[in-house]
Amino acid sequence: FWGTPERLVLGVGFSGVYQENMFLIVPCASKNAGTLWDRLKKPLVPFSWGLWCLILATLAASALCVAYLEHKPDQSSVRSTMGKSSYDVMISFFSAGVTFTPETVSGRVMSLGMAFFILIATSAFTASTATFLITASIPKPKIESLGEAIVKRERICMMETVLNTVRSLHPSIGP
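Computed from a predicted structure; not experimentally measured.

*Asks:* Hey, could you run me through the overall build of the protein chain in this one?
*Replies:* Tallying secondary structure elements over the protein chain gives seven helices and zero strands in all. The 175 residues of the protein chain split such that 19% are buried. Counting contacts in the protein chain only where the partners sit at least 6 residues apart, residues at least 24 apart contribute 53% of the total. A total accessible area of about 13100 Å² is found for the protein chain, and carbon and sulfur atoms account for 67% of it.

Encoded structure:
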């Protein structure tokens, strides 16, 4: 039995033997792929531009500290040490772990701090990316409810058995 308004008026004791779930099926808005620039910056979206700048500044400061702490004047030039420390810090960040072995105690302490920074940055980026991918994959429908479909005069297909029930709830429905 369908729980129609006519049957509900007859008495409270009537309950449906079978209840079918009804779904509102609507088209979703199509997604535009965007420009080449939009596609290139998509991997960076989970963090704001300000945060990316802060991460780069932190990496630059780390490279300066590593160069200062690990520089040996008798073995290499300042320029060479700075280039090597910049490379070491950047490759450590991109590989999500410290990839060099400092020789001084202060360099080891610095590498521990850098390892912690890399751990926090990597985990935050992973979590933000997961959230971004989950929310971005849910398409937004063009129509949110049956009432909105009626107002927009969209075509509505339904089973004949529920037509009277829907018409009693929404009298503005046309034929």
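*Asks:* Please clarify how the side chain of Ser92 should be interpreted in this entry.
*Replies:* Topologically, Ser92 is positioned in helix H4 (residues 78-94). Judged by its relative accessible area of 0%, Ser92 is buried. Residues within four places of Ser92 in sequence aside, it is in contact with Gly97, Val98, Thr99, Phe100, Met114 and Ile118.

*Asks:* Help me understand the nonpolar core, please; the structure alone is not making it clear to me.
*Replies:* Proteins that are soluble and globular tend to have nonpolar side chains buried together. The biggest cluster of nonpolar side chains holds 13 residues, and the ones touching the most others in it are Ile55, Leu59, Val66, Val89, Phe93 and Met114. The set of elements that each furnish at least two residues to this core consists of helix H3 (49-70), H4 and helix H5 (105-136). Take this core: its biggest share by element is five residues, from H3. Residues contacting Val89, with those up to four places away along its chain left out, are Leu59, Ser62, Ala63, Val66 and Met114.

*Asks:* Even after reading the chapter, I still don't get the side chain of Ser62, so can you show me in this structure?
*Replies:* By secondary structure assignment, the location of Ser62 is in helix H3. Setting aside its immediate chain neighbours within four residues, Ser62 contacts Val89, Met110 and Met114.

*Asks:* How should H4 be read in this particular structure?
*Replies:* Taking 1.5 Å of rise per residue, 17 residues should cover 24 Å, and H4 covers 24 Å from first to last C-alpha, within 8% of that figure. When we look at burial in H4, the residues that qualify are Thr81, Ser85, Asp88, Val89, Ser92 and Phe93. All buried residues of H4 fall inside an arc of 125° around its axis, so they share one side. Exposed side of H4, more than 90 degrees from the buried face: Arg79, Lys84, Tyr87 and Phe94 are the residues found there. In the stretch just after H4, Ala96 is the one whose phi turns positive, near 60°.

*Asks:* What exactly am I supposed to notice about the environment of Met114 here?
*Replies:* Mapped onto the elements of the fold, Met114 is located in helix H5. Considered as a pair, Met114 and Val98 are 16 residues apart in the sequence and their alpha carbons are 7.4 Å apart. What Met114 contacts, discounting residues up to four positions off in sequence, is Ser62, Val89, Ser92, Val98 and Phe100.

*Asks:* So what exactly am I meant to see when it comes to a nonpolar patch on the surface here?
*Replies:* On the surface, Leu36, Trp37 and Leu40 cluster together to form a nonpolar patch covering roughly 380 Å² of accessible area. Along the chain, Trp37 turns up in helix H2 (residues 36-41).

Cut-offs and rules
Residues numbered from 1 in each chain as written. Predicted model: local features only at pLDDT ≥ 70, side-chain atom pairs only at ≥ 80, totals over all residues. Heavy atoms only, no water. Helix = DSSP H or I, 4+ residues; strand = E, 2+ residues; numbered from the N terminus. Buried < 20%, exposed > 50% of the residue type's maximum accessible area, 1.4 Å probe, protein only. Contact = heavy atoms within 4.5 Å. Areas by Shrake-Rupley, 256 points an atom, 1.4 Å probe, with all protein chains shown as cover. Core = buried A, V, L, I, M, F, W, Y, C linked by side-chain atoms within 4.5 Å. Expected span 1.5 Å × (residues − 1). Arc of directions from axis to C-beta. Patch = residues over 30% accessible without salt bridge, like charges linked within 9 Å, V, L, I, M, F, W, Y side chains within 5 Å. Salt bridge = Lys/Arg side-chain N within 4 Å of Asp/Glu carboxyl O.

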